[in-house]
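Take a look at the letters that make up each chain.
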Number of protein chains: 2
Amino acid sequence: MKHTSASPIREEDIGSWAIETDVAIVGFGAAGACAAIEAADTGADVQVFELASAGGGSTAMSSAEIYMGGNGGTAVQRSCGYNDSSDNMRAFLNTAFGASSDPDKVDAYVDGCAAHYDWLSSMGVPFKHTELKDRAIMALTDDCLLYTGSEAAWPFNLAAEPVPRGHNIQVEGDNGGPLLVRILTEQVSARERVSVHCDARVLTLVVSEAGAVVGLIVRIDMQELAVRARGGVVLCAGGFCMNEAMVRRYAPMFAEGLTPIGNPGDTGTGILMGIGAGAGTVNMHECFVTLPFYPPASLTYGIFINDKGQRFINEDVYHGRVAHACLAQQRSVSNRVYLIADVEAYGEYESISFLQAPVVGTGETIEELEAEIDLPEGTLVATLTRYNADAEAGEDKLFHKSRQWLRRLEPPLVALDCTIGRGSFYPFFTLGGLDTLPTGEVLTPERKSIPGLYAAGRTAAGVPRTAAGYASGMSVGDATFSGRMAGRSAAASIHC
Amino acid sequence: MKHTSASPIREEDIGSWAIETDVAIVGFGAAGACAAIEAADTGADVQVFELASAGGGSTAMSSAEIYMGGNGGTAVQRSCGYNDSSDNMRAFLNTAFGASSDPDKVDAYVDGCAAHYDWLSSMGVPFKHTELKDRAIMALTDDCLLYTGSEAAWPFNLAAEPVPRGHNIQVEGDNGGPLLVRILTEQVSARERVSVHCDARVLTLVVSEAGAVVGLIVRIDMQELAVRARGGVVLCAGGFCMNEAMVRRYAPMFAEGLTPIGNPGDTGTGILMGIGAGAGTVNMHECFVTLPFYPPASLTYGIFINDKGQRFINEDVYHGRVAHACLAQQRSVSNRVYLIADVEAYGEYESISFLQAPVVGTGETIEELEAEIDLPEGTLVATLTRYNADAEAGEDKLFHKSRQWLRRLEPPLVALDCTIGRGSFYPFFTLGGLDTLPTGEVLTPERKSIPGLYAAGRTAAGVPRTAAGYASGMSVGDATFSGRMAGRSAAASIHC
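Conventions we followed
- Residues numbered from 1 in each chain as written.
- Chains lettered and ligands numbered in written order.
- Predicted model: local features only at pLDDT ≥ 70, side-chain atom pairs only at ≥ 80, totals over all residues.
- Heavy atoms only, no water.
- Helix = DSSP H or I, 4+ residues; strand = E, 2+ residues; numbered from the N terminus.
- Rg over C-alpha atoms; globule rule 2.2 N^0.38 Å.
- Buried < 20%, exposed > 50% of the residue type's maximum accessible area, 1.4 Å probe, protein only.
- Contact = heavy atoms within 4.5 Å.
- Areas by Shrake-Rupley, 256 points an atom, 1.4 Å probe, with all protein chains shown as cover.
- Lys, Arg positive; Asp, Glu negative; His and termini not counted.
- Charge placed at Lys NZ, Arg CZ, Asp CG, Glu CD.
- Least-squares fit on C-alpha atoms with pLDDT ≥ 70 in both.
- Buried area = accessible area lost by both parts, 1.4 Å probe.
- Salt bridge = Lys/Arg side-chain N within 4 Å of Asp/Glu carboxyl O.
- Polar contact = N/O pair within 3.5 Å; in protein donor to acceptor, adjacent residues only side chain to side chain.
- Nonpolar A, V, L, I, M, F, W, Y, C, P; charged D, E, K, R; others polar.
- Pairing = 2+ DSSP bridges.
- Axes fitted to C-alpha atoms, helices over the stretch in contact; angles between N-to-C directions.
- Expected span 1.5 Å × (residues − 1).
- Arc of directions from axis to C-beta.
- pLDDT = per-residue confidence, 0-100.
- Patch = residues over 30% accessible without salt bridge, like charges linked within 9 Å, V, L, I, M, F, W, Y side chains within 5 Å.

Caption draft 1: Representation of the overall build of chain A in the model. Tallying secondary structure elements over chain A gives 14 helices and 21 strands in all. Taking 496 residues into account, the globule formula puts the C-alpha radius of gyration at 23 Å, and chain A, at 24 Å, falls close to it. In chain A, buried positions account for 64% of the 496 residues. Across chain A, every contact between residues at least 6 apart in sequence was considered, and the portion connecting residues at least 24 apart equals 73%. Total accessible area on chain A is roughly 16700 Å²; 50% of this is exposed by carbon and sulfur atoms. Averaging the coordinates of the 36 positive side-chain charges in chain A and doing the same for the 59 negative ones gives two points 4 Å apart.

See below:
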């Protein structure tokens, strides 16, 4: 057979079905596992096909924080004294994603969040009823609740009451991903209705004459097998950050100088299969991107400037929002971006940072640093004079960094070069994909459901749409939640 | 028959063909007209279907400047004393579109430009061998050559030798579009091989079992007719700026507060038909956008600032690049954007501007203006102090506005509010569409040509990819050039 991901096979060209099942799932990461569990629990027989030799996908490589709240709060939020209304969570998410947001998806996620927490708990995912108050990228203790986004920072704190929604799984160290994946895998194994095939490359979909997806072709042990899926196929095959050509074509602003993070299977084949079956795509140009400038949290006392010496962001926001702003500077007004810190803020940078930004200037005076990094004369002096006066007054009148992180920056000072391509670590992954309903149904460009086709996780354009509004835990939250919805929809469709 | 744009009809479902031709063209704007002429001149019979009651499309509503150069210069460029090498033009375009650029398309356009000028001349399009030296959005005289982009401004002047490439058609007033369309229409009428149908709505494409495009369905006078196109279909149906739902879905950053410019048929149906036949799309999130702050050209002596009082662009660039920067400010660091001018620069604003930006502050002193527009105290003072010192020294050390437009700004001063949604005119149209080869062949998401399908003009993602690098004349240049390429390819395919 001759086919590519985006060229589906016609049903009438299938000689015989090697496997028949209710629901076929492409990809065994967190989305695929949750789809399998939910489909089985809805009464369907399920076959899961995973390209790699084991499941877990990109979730296994992540911290696996899970972003949840609303409905008065999850059990953990309530135990820690937070009342998080659904309206409050919705207001935050709508502010976070703005014009890019899919309001139906946000509503479904907000409405379903607390129940999703309960479901994860029922699966055996452990959450300790404690809060971690550090400004951290991930929890290294087994504490649960922490701010993982910009909720407490301007302008989000004007739009919604700040509440922490990152739920760290109860495990020491940065080991949430492996633990979550192990628990989900065990739950899948415990379900007799589910069969998992690893080292199984799904090649393309099978479509009926009417345009419905009725199965797929998978290559296992050098054999191409036709799989019939009575209830449909769920695409949970990740994003496309590992496909350099696709990134260059669809998200060109992320194609140079950044580092894709994900698993090697994030090559976009799930998205291409969907397109081949008639799906529309949205948000393909957007990526999550970050610049892990904390830890040490003390660097939040520093300021980001461009090569005009201008500040451009309140530095107490989420690291991904800072990265997004740094990229925006470099795409429009500026060629260089620096993080300026004093000795105390610089602190443990060399020993504990992931940032990899080189020190490109130091100064016993502001003028000296300004000259060393080739800023136009007087620019850094003007910016720091203003910033220090504001810090002293306890109010950042320009960018609204919270008082907590305001402190005069006095020489000696150091400049870290955060320009793309000059050493700094700018990891990214894609946030665009198939357009879907909250049910997981995949939509055509005219927003009609394609019968038999579902997508979840990063194969779909999900809740998070831009790094500017992202919070850690949104992708694993979205993957597990959307996987469940898609698995349930596919299973339920059999009885229609 | 039941169908939507993106749901093609299968060939076997066609009872009989009402019309049979070599090449069918969807849309009779500049791209469609040029495709028709070129296809006919390649020996093909052509049927053109236009939704409106007459041809012309968005080109008829435009100034119809045409962006051309390279190859040592067009006849006009050479007469005006400019030698414009292809490498020079290529360097400019690659700088202009950066990561978003399609280098193959840029190469084809640059290589073909001078010959395209000759072809337009041979069609009867008149170009006077004169240059207009004004800083203008369009020529109101019948002079030809003018700078229509940012060629002479930083940073483009570092990447390529500045050369004017905007070719205004020889006609008084802003009447290039109607004249160009009349000439092209007459050329089409003169060709017996071409039949044009107006008030003819193409509903969807017809595809063979193998996936080739073999025709289309058109509704004329309440009848749905199947049209067989032996050489293929050329989609020249414009962009999607008039389709609010598509703009919101694909280019959400342009969905609020901006004004679509184009013809009412720019609803994206050509793009949807292509997707339905298996095409990939690129650059869907990008639009041309502008803020027509000149005329009066004197406002270029002013400065743009955000609500931190910061400048962010050299004001002597093309108006579209300024608009792009203003949008970037509002999407990231800032909520407001102002144009600050002194009395002399403000000059004829009230009588001749298209900007519609309201005056929201005036000041006999800088401090007074600063307070009136609620800028944090000292910010505008600092920015103007710096700017005025740089102006006096004859060098804009921060943003590199050229010396020609540098002058101290002294009170009394005026502030024009250029924030989106507060009165300013921000026209936009889409720059995304079907992925095509320079030949006009439409590509799948895996970049394989779809047999029998071609696209040109704004239905395809063409040479211009972002307002940040745009120059007036690029869309009409691209439409006429890509239309010709596509028409020729479709016609030539018959003899293969």
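From this point, the narrative continues.
Caption draft 2: Highlighting the relation of the copies chain B and chain A. Placing chain B over chain A gives an RMSD of 0.0 Å and needs a rotation angle of 180 degrees, together with 0.0 Å of translation along the axis. The operation mapping one copy onto its partner corresponds to a two-fold rotation axis. The overlap is high: 100% of the interface residues of chain B also sit at the interface in chain A, so the same surface is used on both sides.

Caption draft 3: Quick look at the interface of chain B and chain A. Every contact between the two is made by 41 residues of chain B and, on the other side, 41 residues of chain A. Between chain B and chain A, a total of about 3500 Å² is buried, with carbon and sulfur atoms accounting for 57% of that surface. Looking only at chain B, the three residues that lose the most surface to chain A are B:Arg249, B:Pro445 and B:Glu446, adding up to 17% of its buried area. For the pair chain B and chain A, the interface holds two salt bridges. Between A:Arg249 and B:Asp435 there is a salt bridge, and its shortest N-O distance comes to 3.8 Å. Our count for the contact surface shared by chain B and chain A stands at twelve residue pairs in polar contact (both at pLDDT 80 or more). Counting residues per element, the ones that place at least two in the side of chain B that touches chain A are α7 (244-250), α8 (269-276), β12 (281-282), α9 (319-331) and α13 (379-393) of chain B. In terms of residue class, the side of chain B that touches chain A is built from 16 nonpolar, twelve polar and 13 charged.

Caption draft 4: Looking closely at the sheet that holds strand β11 (residues 259-260) of chain B. All names here are of chain B. Spatially, three strands are ordered β11-β18-β13 in an open sheet, and the strand pairing comes out mixed. Strands at the two margins of the open sheet, each flanked by one partner only, are β11 and β13 (287-289). Here three bridges tie β13 to strand β18 (residues 427-430), and the two strands are oriented antiparallel to one another. For Val-289, the partnering residue across the bridge sits in β18 and is Phe-428.

Caption draft 5: Quick peek at the sheet that holds strand β14 (residues 303-306) of chain B. Residues and elements named next belong to chain B. One open sheet holds the four strands; their spatial order is β14-β15-β17-β16, and the pairing between them is antiparallel. Lying at the two open borders of the sheet, with one neighbouring strand each, are β14 and β16 (359-363). The sheet shows a mean angle of 25 degrees between the axes of neighbouring strands, taken without regard to direction. Strands β14 and β17 (413-417) of the sheet are contacted by α13, whose axis makes an angle of about 150 degrees with β14.

Caption draft 6: Structural detail: helix α9 (residues 319-331) of chain A. Residues and elements named next belong to chain A. The terminal C-alpha atoms of α9 lie 18 Å apart, and with 13 residues this matches the ideal 18 Å at 1.5 Å per residue to within 8%. The buried fraction of α9 amounts to twelve of the 13 residues, a majority that puts the element mostly inside the structure. Within α9, burial applies to His-319, Gly-320, Arg-321, Val-322, Ala-323, His-324, Ala-325, Cys-326, Leu-327, Ala-328, Gln-329 and Gln-330. Contacts from the buried residues of α9 go to α5 (156-159), β13 (287-289), β14 (303-306) and β15 (337-342).

Caption draft 7: Unusual backbone geometry, seen in detail. Geometrically, the link from A:Pro295 to A:Pro296 is a cis peptide bond, its omega value of 0 degrees lying close to zero. If you trace the backbone, A:Pro296 turns up in the loop between β13 and β14. Even without glycine at this site, B:Asp221 takes up a positive phi of about 50 degrees. Along the polypeptide, B:Asp221 turns up in the loop between β9 (213-220) and β10 (223-235). Look at B:Asp221 and you get exposed, because its relative accessible area is 67%. A positive phi angle, close to 65 degrees, is found at B:Gln356, a residue other than glycine. You can see B:Gln356 is positioned in the loop between α11 (349-352) and β16.

Caption draft 8: How the structure looks around α13(B). All names here are of chain B. Across its 15 residues, α13 extends 21 Å between first and last C-alpha, which sits within 8% of the 21 Å expected from 1.5 Å per residue. Listed as buried for α13 are Thr-379, Leu-380, Thr-383, Leu-384, Tyr-387, Asn-388, Asp-390 and Ala-391. Mapping the buried residues of α13 onto a view down its axis gives an arc of 165 degrees, with all of them on the same face. Exposed positions of α13 whose direction lies more than 90 degrees from the buried face are Glu-392 and Ala-393.

Caption draft 9: Representation of the environment of B:Gly176 within the structure. All names here are of chain B. Position of Gly-176 relative to the elements: it lies in helix α6 (residues 176-189). A sequence separation of 313 residues divides Gly-176 from Ser-489, and the C-alpha atoms of the two residues are 28 Å apart. Each residue touching Gly-176, except ones within four places of it in the same chain, is listed here: Ser-62, Ser-63, Ala-64, Ile-169 and Val-171.

Caption draft 10: Fine view of the pattern of salt bridges. Residue and element names in this part refer to chain B. Counting across every chain of the model gives 64 salt bridges over all chains. Across the pair Glu-186 and Arg-182 runs a salt bridge, and its minimum N-O distance is 3.9 Å. A residue pair is termed a helical-turn pair when its members lie 3 or 4 positions apart in one helix, as Glu-186 and Arg-182 do in helix α6 at four residues. Between Arg-386 and Asp-390 there is a salt bridge, with its nearest N and O atoms 3.6 Å apart. In this pair, Arg-386 and Asp-390 both sit in helix α13, four residues apart, roughly one turn of the helix.

Caption draft 11: Just the side chain of A:Asp84, in detail. Residues and elements named next belong to chain A. Relative to the elements of secondary structure, Asp-84 occurs in the loop between α2 (75-79) and α3 (86-97). At 3.0 Å, the side chain of Asp-84 and the backbone nitrogen of Gly-70 are in polar contact. Each residue touching Asp-84, except ones within four places of it in the same chain, is listed here: Gly-69, Gly-70, Asn-71, Gly-72, Gly-73, Gln-77, Met-89, Val-163 and Arg-165.

Caption draft 12: Quick look at the confidence of the model for chain A. Chain-level statistics for chain A give a pLDDT mean of 96 and a share of 99% at 70 or above. Scored as a complex, the prediction yields pTM 0.95 and ipTM 0.93.

Caption draft 13: Inspection of a negative patch on the surface at higher detail. A surface patch of negative charge is lined by A:Asp13, A:Glu209, B:Asp13 and B:Glu209. Tracing the sequence through the fold places A:Glu209 in the loop between β8 (200-207) and β9 (213-220). Residue classification places A:Glu209 among the exposed positions, given a relative accessible area of 54%.

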